[in-house]
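# Notes for the structure review
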Amino acid sequence: MKLKTDIQSWKTTIVGFLTGMVMLVSQVINLLDEDPETVFKLEIFLAALAAMGIGLFAKDGDKTSKELGLGESK
């Protein structure tokens, strides 16, 4: 993966990262508080990591593959 690609798709990366962070933080709070009513859910934690990964590897809708240097390589 090229850094150039990440910078040009910054909108998607930021949205994916923020979505994942909100989910992660809520689960960490559930894990660390002493309230037995709140439960840490591994599924949500893993979904948050997946959202962050998708945000990192997805490209913005207003960018073409050619603009991002993802065109055909021979």
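To be clear, the structure that these remarks concern was listed above.
Everything numeric in this text was worked out from a predicted model, so none of it was measured. Throughout this description, residue numbers start from 1 for each chain and increase along the sequence as written. Since the coordinates come from a predicted model, pLDDT governs what is reported: local features require at least 70, and pairs of side-chain atoms require 80 or more to be given and counted, while whole-chain, interface and lining totals use all residues. For side-chain calculations, the full set of non-hydrogen atoms in the structure is used, while hydrogens and water are omitted.

To continue, consider the overall build of the protein chain. Of regular secondary structure, the protein chain possesses three helices and zero strands. Under the DSSP-based scheme used, a helix requires at least four consecutive residues in state H or I and a strand at least two consecutive residues in state E, with every element numbered from the N terminus. Seen in sequence order, the protein chain has helices and strands lined up from the N terminus as α-α-α. For each residue, the accessible area found with a 1.4 Å probe, counting protein chains only, is set against the maximum for its type, and the residue is called buried under 20%, exposed over 50%, and partly exposed in between. For the protein chain, with 74 residues in total, the buried portion stands at 19%. Considering only residue pairs separated by 6 or more positions, the protein chain has 71% of its internal contacts joining residues 24 or more positions apart. Working definition of accessibility: Shrake-Rupley area with a 1.4 Å probe, residue cover restricted to the visible protein chains. About 5600 Å² of surface is accessible on the protein chain, with carbon and sulfur atoms providing 68% of the total. Throughout, a contact is declared for two residues whenever any of their heavy atoms are within 4.5 Å.

This paragraph deals with the packing of helix α2 (residues 10-32) against helix α3 (residues 42-57). Axes here mean lines fitted to C-alpha atoms, for a helix over just the part in contact, with angles spanning 0 to 180 degrees between N-to-C directions. One can describe the packing of α2 onto α3 by two numbers: an axis separation of 7 Å at closest approach and a directional angle of 165 degrees. Here α2 is positioned roughly antiparallel relative to α3, judged by the angle of their axes. Like other packed secondary-structure pairs, α2 and α3 cross with a definite hand, here left-handed. From α2, Thr 12, Thr 13, Gly 16, Phe 17, Thr 19, Gly 20, Met 21, Met 23, Leu 24 and Gln 27 reach across to α3, where they touch Ile 44, Phe 45, Ala 47, Ala 48, Leu 49, Ala 51, Met 52, Gly 55 and Leu 56. By definition in this entry, angles of less than 35 degrees are roughly parallel, angles greater than 145 are roughly antiparallel, angles of 65 to 115 are roughly perpendicular, and the rest are oblique. Take the far helix as your reference; a near helix turned counterclockwise from it by less than a right angle gives a left-handed crossing, and one turned clockwise gives a right-handed crossing.

When you line up the elements, Gln 27 lands in helix α2. With sequence-adjacent residues up to four places away left out, Gln 27 is seen in contact with Val 39, Phe 40, Lys 41, Ile 44 and Phe 45.

Bringing the packing of aromatic side chains into the picture now. Working definition: a ring pair exists when centres of Phe, Tyr or Trp rings (six-membered ring for Trp) sit within 6.5 Å. Plane angles under 30 degrees give stacked, over 60 give edge-to-face, the rest tilted. Evaluation of the coordinates by the stated rule reveals one aromatic pair. Aromatic pair Phe 40 and Phe 45: ring centres 5.7 Å apart, planes at 50 degrees, arrangement tilted. You can call Phe 40 partly exposed: its relative accessible area is 27%.

Take a nonpolar patch on the surface next. A cluster of nonpolar side chains, contributed by Trp 10, Ile 14, Phe 17, Leu 18, Met 21, Val 25 and Ile 29, occupies part of the molecular surface with about 670 Å² of accessible area. Checked against the element boundaries, Trp 10 lands in helix α2. When its relative accessible area of 53% is taken as the criterion, Trp 10 is described as exposed. Each patch is built from residues that are more than 30% exposed by relative accessible area and take part in no salt bridge. Like charges join if they lie within 9 Å; nonpolar side chains (Val, Leu, Ile, Met, Phe, Trp, Tyr) join within 5 Å. Here a salt bridge means any side-chain nitrogen of Lys or Arg lying within 4 Å of a carboxyl oxygen belonging to Asp or Glu.

What follows concerns α3. Taking 1.5 Å per residue, 16 residues should reach 22 Å; α3 reaches 23 Å between its end C-alpha atoms and fits that length. Of the positions making up α3, those classed as buried are Ala 48, Ala 51, Met 52 and Gly 55. Angular distribution of buried residues about the axis of α3 spans 95 degrees; they occupy a single face of the element. The outward face of α3, more than 90 degrees from its buried face, is lined by the exposed residues Glu 43, Ile 54 and Phe 57. Multiplying 1.5 Å by the residue count of a helix minus one yields the expected span of that helix. Taking the helix axis as origin, the arc is that swept by the directions to the C-beta atoms.

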